[in-house]
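# Residue-level structural notes
As a plain string of letters, each chain reads:
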Amino acid sequence: MSISRRSFLKGIVATSAATLVGPGLLNVAKAATADSAGQWKVSGSHWGAFRARVYAGKVQEIKPFEADKYPTEMLNGIKGIIYSPSRIRYPMVRYDWYLKRHKSDTTLRGDNRFIRVTWDEAIDLFYQELERVQTQYGPWALHAGQTGWRQTGQVHSCGNHMERAISMHGYSVKKVGDYSTGAGQTIMPYVLGTTEVYAQGTSWPLILENSKTIILWANDPVKNLQVGWNCETHESFAFLEQLKAKVANKEIRVISVDPVKTKTQNYLDCEHKYINPQTDVPFMLAIAHTLYKEKLYDKKFLDTYALGFEDFIPYVTGEGKDKVEKTPEWAEAICGVKADEIRDFARLMAKHRTQMLFGWAIQRQQHGEQPYWMGAVVAAMLGQIGLPGGGISYAHHYSSIGVPSTGAAGPGAFPRNPDKPDDRIHKNNDFKGYSSTIPVARWVDAIIEPGKVINANGAKITLPDIKMMVFSGCNPWHHHQDRNRMKQAFHKLETVVAVDFTWTATCRFSDIVLPACTQWERNDIDLYGSYSGRGIIAMQKLVDPLYQSKTDFEIFTMLARRFGKEKEYTQGKGEMAWVKELYDGCVAANKGKFEMPDFAKFWQDGWVDFGTGPNWTRQADFRKDPEINALGTPSGFIEIFSRKIDRYGYEDCQGHPMWFEKAERSHGGPGSDKHPIWLQSCHPNKRLHSQMCDSEEFRATYAVQGREPIYINAGDAKARGINDGDLVRVYNDRGQLLAGAVISENFPPGVARIEEGAWYGPTDNTIGAIDTYGDPNTLTLDKGSSQLAQATSANTCIVNYEKFTGEAPAVTSFGGPKEMA
Amino acid sequence: MKQLIKKFWRTFSTPSVHLSFGLLTMGGFIAGIIFWGGFNTALEVTNTEEFCIGCHEMSDNVYVELQETVHWQNRSGVRATCPDCHVPHNWTDKMARKMQASKEVWGAIFGTIDTREKFLAKRGELAQHEWDRLTANNSLECKNCHNYDSMDFSIMSERAQVQMKMAAERDQSCIDCHKGIAHHLPENMNSGEGMLGKLEEMATSGYQTGQAYYSVRQLPLFEDQGLSTEAGQLNAATKVKVLAIEGNAIQVEIDAWRKTKGFGRVLFEDFAMNINDGYLTKEVAQSDQFMTQGESKTDDLTGLPWQKVNVTLWMRNGSLTDSRDTLWTFAKSTYDSSCSVCHTQPAEAHFDTNTWPGMFNGMLSFVNLDGDTQALVLKYLQKHSSDFSDAH
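None of the values given here were measured: they were computed from a predicted structure.

### Re the UniProt feature "binding site: heme 1" (unreviewed entry) in chain B
Following the UniProt record, the feature "binding site: heme 1" (unreviewed entry) maps to Cys52(B), Cys55(B) and His56(B) here. Of note, His56(B) is situated in helix α4 (residues 56-66).

Spelled out as structure tokens, the structure:
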């Protein structure tokens, strides 16, 4: 039989017609299955993806997305965000500012008296102030660079909108770094050649397969992996579950080095190595001492892959400038770990494959650069860097790091910058000798001491004289330290603009407050899994913007219209056009690698699944060929001694990792006689920073007498006559707050926790007024980590507390302002 | 029509009143065998190369292109026929592919690609279908012959070893890198597809000997004019001086510095500046044949010894530009857009030359940049860092 392709193709057409009849029968029943009680839609959030049932214009019910096998209970708080009594309903202006504009009585900031204005008037005022500051002063007087954890969604990402619009009007002061990892991201490029804190880590399956010992160093992944920078997938929890089984079967030893028994420790049922707060560096120095003295360190690895060991080791052996040998006995007196236990710990690490997993808390303290650097030195001495299940990670608790990456491209974002860099109304780029970029946590210093010159990362920074600030989806009155110092600073500001959907303390201390809508009142698109790249999630608008709120896109379009840049700002595209453009860009970037449906199908399905990626080992390429795959350090090798940092000549961050006593420290440290309790303000278990604190019903699941919990030790409580559930006054020389006592066996003597993100609610606008809800940053220290990173030192904080007696003032944090007629 | 279907369905679904159950079942069975046998025979015919090239769309285009490649003729005399690569070998996938082929039936009848021009215009789309299919099955048809486990990496060139070992570790799909291995690539691939095309578009032509040019992307270097022995790789935006032009090959001179800890394989643009110019194979790096060695001095900031070298090697005649500013413009816009997705991108002059690699590498997992563009953007940032600028 001979059939040519041509004749076959022609012949088959005749018979094909019959097969064309048929489809359509299967689809009939589909419409009938729609829920009679409303419509189900897909959306995403930092807390994960979900499906929401919308009925009668209201979100009725939230169900975890089916691909999320380990959803967080925080999904229960989402409805409460949308329908919170704290929502900003109308554009509002601070009463005194409305009367006197930039010449208002700024000591009244925080008195919470506001007046309602129309959108047009509010945007006019915003624009007039920008114009005034640019012409009367210049770009150095405007700081619109503070950005934070925003709501998710790549089209509406609020920082992008704010910065694009403000940049199209003129230049302004920018920031570098962030409040979470400021010290870590600054020191690690000198040591291991990347920020480390935001880099993908060794895949969990390889850790589970190869590690014999895992050290969780001040690290609580079970708590912190509930949230992600983009829409979180919670894929890590499958691996943590396997780890729990391996701990139970004694296949892997997990040791949590922490003053506190963490949620992760309790979940894994793993070992605990108690250590005094802020004393990780002495412990690590003593580990190095043992490794060196007992010849348990990998000399060959150090010779091949590291520089400066010989410049560092005299400091350990007591031949350095301070002539102090860093023996385990020396460390014991500071860190509270028995000398023999330190030796055993070092031997255990050297004996098997050991994976160190560091959290971020220990770099959010004074000299926060040191524990991170010293951790890398210990890892280098162990010689397991670049091996699967060995070495050191600084990020396995963040946004599913450790879940293998699919390698798929994400959707990009609405552009943050003007399309043409110099396309601005005000082209004045003269900062009059002030620095145009400042370390993120030093803006309050700038307001208080403009013109002061500080060291930062090898540079001299001249703090600018800031007169006006603009915030969007950013709550520094939660994340910055020392509220009463902030109050002082805000007395010096002429104008503050806040854009948000909810009445945060930042809004209370602002002059013009503009109501944005929540992320569930707009259409958007997001990456599903920041590091795993699991897929793309559709964020279908659940309900229309409530009250008079608008999307950030609309708000800043209105602003751009005031100075004739509306078209440049939007590129002539509306919300859905942008959503589709980001999706199509993603399709193009993934072409030939990942098949993606067209936009209509994606939007209907609610997501695209890229599956799972291949396993990967951090620094394996460097280990394989350190010459070609050099690290990003100045030398290309691991820098145990950094000549570059040494040249800066900083007293508080020298050429190699060192132990520095803190400005204040519990457990026998400076100031502990007066304020004996260390207050840790770690990331919350039932919020994302300050997000979701305004969700009433969900807050009620953890609040104590309507206040933020303070977790305390039973003995400490007893000594103060405090029972579980009592109101306590927590205080130091910087401030005071009310919180609700939770006595917990997880907390050792001298240690207390108030989770950051608790909303600040002072009784009034005066300096020193008690905080009625329990924001720990009422008490924290506002001091740069060192002259290197100038990062936040929030965890260097000691306090005392007592039972609160008398009539408790009402909580003022929630429910918005007093509206003036 | 509706009536007709109803009538047909009624007849079809009503039990037979004339024939026995046994006869019906047996009859159906026998008819099935005859049909199945015939179907499979017919199907097998469609799986021969003769069948495939029976129409001129195939024989005049992709078939002649195949004949220029190693998959047609090679020293061992094994060759791939059309169905080896284009028809799945397992039955289910084969059926699925055949169902898809109904579109080709349509095309044959309506002359969608009956001229070379029409074919070329359509090639991108057709190629994409095959790439998508091979991506989905992890290049199964390639792997029917080429098996990672059976590869002897030691007899590959050094550059191939690096790439192939990485690919093998991840069981990477062959087609990810080997597009165009058996047929020409779509013509518009350079302009329309990906960053690579954008970079290539910046290349100029008509190079003059004695003049300096810059590489538009990472490019292989060779020891010889025949371009047969790998000598290393030139990084993006690297300055070379053209010494000779011989057809497909050009001889270039690279002025660089290197660290002498290790084999001295990595070339840097200037003393104590980690601005990567490319790398050499061990053989080239350790040989005097391709380079003259200049002064040596120690970098105080790292304590490492550096040496000036002048390297002369061969490369393909192309992918160079006389204007590095063109590359910088592209790199700047890529940096401004890609690195502002999550945060404000730091000003170029915010960091110094040797700090940029650490900052840049630490954030790479958040951006969608291919290796060539990464290298270009990093070099742009380094060359506009605080070391080269007064602004801060």
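Still more ground to cover, so stick around.
### Examining the packing of aromatic side chains
Residues and elements named next belong to chain A. This model, assessed by the stated rule, comprises 58 aromatic pairs over all chains. Note on tryptophan 217 and phenylalanine 345: the rings are 6.3 Å apart at their centroids and 85° apart in plane angle, and the pair reads as edge-to-face. With a gap of 128 residues between them, tryptophan 217 in strand β8 (residues 213-217) and phenylalanine 345 in helix α15 (residues 339-351) connect regions that are remote in the sequence. Taking the relative accessible area as the measure of exposure, tryptophan 217 reaches 0% and is therefore buried. Of the aromatic side chains, those joined through ring pairs into one cluster are Trp149, Tyr198, Trp229, Trp360, Tyr398 and Tyr531. One Lys or Arg, arginine 150, reaches over the ring of tryptophan 229 and ends 4.5 Å from the middle of that ring. Positioned over the ring face of tryptophan 578 is lysine 573, at 4.6 Å from the centre of the ring.

### Details of the interface of chain B and chain A
Chain B puts 60 residues into the contact, and the matching count from chain A is 60 residues. Across the interface of chain B and chain A, roughly 5100 Å² is buried in total on both sides, 58% from carbon and sulfur atoms. In this assembly, chain B and chain A are joined by 3 salt bridges. One salt bridge connects Arg265(B) with Glu627(A), and the closest N-O pair in it is separated by 2.9 Å. One can count 12 residue pairs in polar contact (both at pLDDT 80 or more) joining chain B with chain A. Going through the elements one at a time, α2 (21-45), α3 (49-52), α4, α7 (102-110), α8 (116-136), β7 (273-280), α14 (324-338) and α15 (356-363) of chain B are the ones with two or more residues in the side of chain B that touches chain A. The biggest single contributor to the side of chain B that touches chain A is α15(B), with 6 residues. Looking at the side of chain B that touches chain A residue by residue, the class counts come to 23 nonpolar, 24 polar and 13 charged.

### Observations regarding the packing of α4(B) against α8(B)
Residue and element names in this part refer to chain B. The interhelical angle for the contact between α4 and α8, taken along N-to-C directions, is 65°, at an axis separation of 10 Å. Judged by the inter-axis angle, α4 sits roughly perpendicular to α8. Between α4, through Asp60, Asn61, Val62 and Glu65, and α8, the contact on the second element is made entirely by Arg116, Phe119 and Arg123. Grouping the constituent residues of the contact of α4 with α8 by class yields 2 nonpolar, 1 polar and 4 charged.

### So, the domain arrangement of chain A
All names here are of chain A. Structurally, chain A comprises domain 1 (36-83), domain 2 (92-171 + 424-609), domain 3 (182-406 + 622-648) and domain 4 (663-820). A separation of 36 Å is found between the C-alpha centroids of domain 2 and domain 3. Facing the 19 residues of domain 2 at the interface are 22 residues of domain 3. With both chains or domains summed, domain 2 and domain 3 bury close to 1700 Å², and 54% of this area falls on carbon and sulfur atoms. Applying the counting criterion to the domain 2 and domain 3 interface returns 1 salt bridge. At the junction of domain 2 and domain 3, the tally comes to 12 residue pairs in polar contact (both at pLDDT 80 or more).

### Quick notes on the sheet that holds strand β6 (residues 142-143) of chain A
All names here are of chain A. Overall, mixed pairing links the 7 strands, which are arranged β6-β17-β18-β19-β4-β5-β30 in an open sheet. Unpaired on one side and paired on the other, β6 and β30 (818-820) mark the two borders of the sheet. Of the pairings in the sheet, the one linking strand β4 (residues 92-94) to strand β19 (residues 512-515) comprises 2 bridges and is antiparallel in character. Note on β19: the bridge partner recorded for methionine 92 is valine 513.

### Quick word on the UniProt feature "binding site: heme 2" (unreviewed entry) in chain B
All names here are of chain B. Taking the numbering used here, the UniProt-annotated feature "binding site: heme 2" (unreviewed entry) corresponds to Cys82, Cys85 and His86. Here cysteine 85 lies in helix α5 (residues 82-86). A relative accessible area of 29% places cysteine 85 in the partly exposed class. Excluding its chain neighbours within four sequence positions, the residues that come into contact with cysteine 85 are Ala80, Arg133 and Glu141. With respect to the helices and strands, histidine 86 occurs in helix α5. Apart from the residues lying within four places of it in its own chain, the contact partners of histidine 86 are Arg97, Glu130, Arg133 and His183.

### Side note on the pattern of salt bridges
All names here are of chain A. Considering all chains together, one arrives at 63 salt bridges over all chains under this definition. Among the salt bridges present, the one from glutamate 661 reaches arginine 665, with a minimum N-O distance of 2.7 Å. Glutamate 661 gets classed as partly exposed once you look at its relative accessible area, which sits at 36%. Each of Arg442, Asp445, Arg485 and Asp782 takes part in one network of salt bridges that share partners.

### What about the packing of α14(B) against helix α16 (residues 371-383) of chain B?
Residues and elements named next belong to chain B. The N-to-C vectors of α14 and α16 enclose an angle of 100°; their axes lie 9 Å apart at closest approach. The angle between the axes of α14 and α16 places the two elements in the roughly perpendicular class. Seen from α14, the contacting residues are Arg324, Leu327, Trp328, Phe330, Ala331, Lys332, Thr334 and Tyr335; seen from α16, they are Thr373, Leu376, Val377, Lys379, Tyr380, Leu381 and Lys383. Looking at side-chain class alone, the contact of α14 with α16 contains 9 nonpolar, 2 polar and 4 charged residues.

### What to know about unusual backbone geometry
For Lys250(A), which is not a glycine, the phi torsion comes out positive at approximately 60°. Among the secondary structure elements, Lys250(A) is positioned in the loop between α9 (236-248) and β9 (253-257). With a relative accessible area of 74%, Lys250(A) lands in the exposed category. Non-glycine residue Ala237(B) carries a positive phi angle of around 55°. If you trace the backbone, Ala237(B) turns up in the loop between β3 (230-234) and β4 (239-246).

Rules and cut-offs
- Residues numbered from 1 in each chain as written.
- Chains lettered and ligands numbered in written order.
- Predicted model: local features only at pLDDT ≥ 70, side-chain atom pairs only at ≥ 80, totals over all residues.
- Heavy atoms only, no water.
- UniProt positions renumbered as here; feature names shortened; annotations may be inferred.
- Helix = DSSP H or I, 4+ residues; strand = E, 2+ residues; numbered from the N terminus.
- Phe/Tyr/Trp six-rings, centres within 6.5 Å; stacked < 30°, edge-to-face > 60°.
- Buried < 20%, exposed > 50% of the residue type's maximum accessible area, 1.4 Å probe, protein only.
- Lys NZ or Arg CZ within 6 Å of the ring centre and 35° of its normal.
- Contact = heavy atoms within 4.5 Å.
- Buried area = accessible area lost by both parts, 1.4 Å probe.
- Salt bridge = Lys/Arg side-chain N within 4 Å of Asp/Glu carboxyl O.
- Polar contact = N/O pair within 3.5 Å; in protein donor to acceptor, adjacent residues only side chain to side chain.
- Nonpolar A, V, L, I, M, F, W, Y, C, P; charged D, E, K, R; others polar.
- Axes fitted to C-alpha atoms, helices over the stretch in contact; angles between N-to-C directions.
- Parallel < 35°, antiparallel > 145°, perpendicular 65-115°, else oblique.
- Domains from an automatic or database assignment.
- Pairing = 2+ DSSP bridges.

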